[in-house]
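Now for the letters of each chain:
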Amino acid sequence: MSGQPLSDGAGRAVPPADRRHVFHRQVRFADIDSLGHVNNVRFFDYLEDARLGMLFVDPVREGGRSHQGLVVARHEIDYRRPLTFRPDPVRVETWVTEIRPARFTLAYEIRDDEEVFVRARSVMVAYDVAGARPRRLTEDELAYLKRFSVED
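Taken as a whole and assessed by the stated rule, the structure comprises 4 aromatic pairs. Each ring, one from Y144 and one from F148, has its centre 5.4 Å from the other, and the planes form 65°; the classification is edge-to-face. By relative accessible area, Y144 is classed as buried at 7%. Accessibility expressed as a relative area gives 7% for F148, which makes it buried. Taken together, F43, Y46 and Y79 form an aromatic cluster joined through their ring pairs. The side chain of R20 reaches across the aromatic face of W95, ending 5.5 Å from its centre. The aromatic ring of Y46 is capped on one face by R25, whose charged end is 4.1 Å from the ring centroid.

Here's what the structure looks like:
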């Protein structure tokens, strides 16, 4: 994996491309609102699809286990440009900006090759479902998250 984190132009660190999870998301007609662009609320679906791909689907495809017992504690989203119906999918690029013993923060960009449509963040908390309380991240979870982290 290569080099130091880059900046997104707003002073936030972003990892090089090889440390970002990339999820391709087709813009569906059902995503479009009466103004002709993707409805603001639908962007949360895009983020969820990318997060599920990163944390649940891809680990299994790689021969591991999905990361269970993670809950969203917070979402932030900045709408940068309108996204309209289009034949080509957009990319939801995701990386980890912070890792703590029981939580981590994901950063996202919904983009194509020319434009960033959305920048967002989610704070995820490791959760013990049976005990109904937060838990510490496991060593396997930490190792997986570090693959996508701006922190070394």
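So, next bit.
Backbone geometry at A132 places phi at a positive 55°, although glycine is not the residue there. As for its placement among the helices and strands, A132 is situated in the loop between β7 (116–128) and β8 (133–134). You can call A132 exposed: its relative accessible area is 51%.

About the thresholds
Residues numbered from 1 in each chain as written. Predicted model: local features only at pLDDT ≥ 70, side-chain atom pairs only at ≥ 80, totals over all residues. Heavy atoms only, no water. Phe/Tyr/Trp six-rings, centres within 6.5 Å; stacked < 30°, edge-to-face > 60°. Buried < 20%, exposed > 50% of the residue type's maximum accessible area, 1.4 Å probe, protein only. Lys NZ or Arg CZ within 6 Å of the ring centre and 35° of its normal. Helix = DSSP H or I, 4+ residues; strand = E, 2+ residues; numbered from the N terminus.

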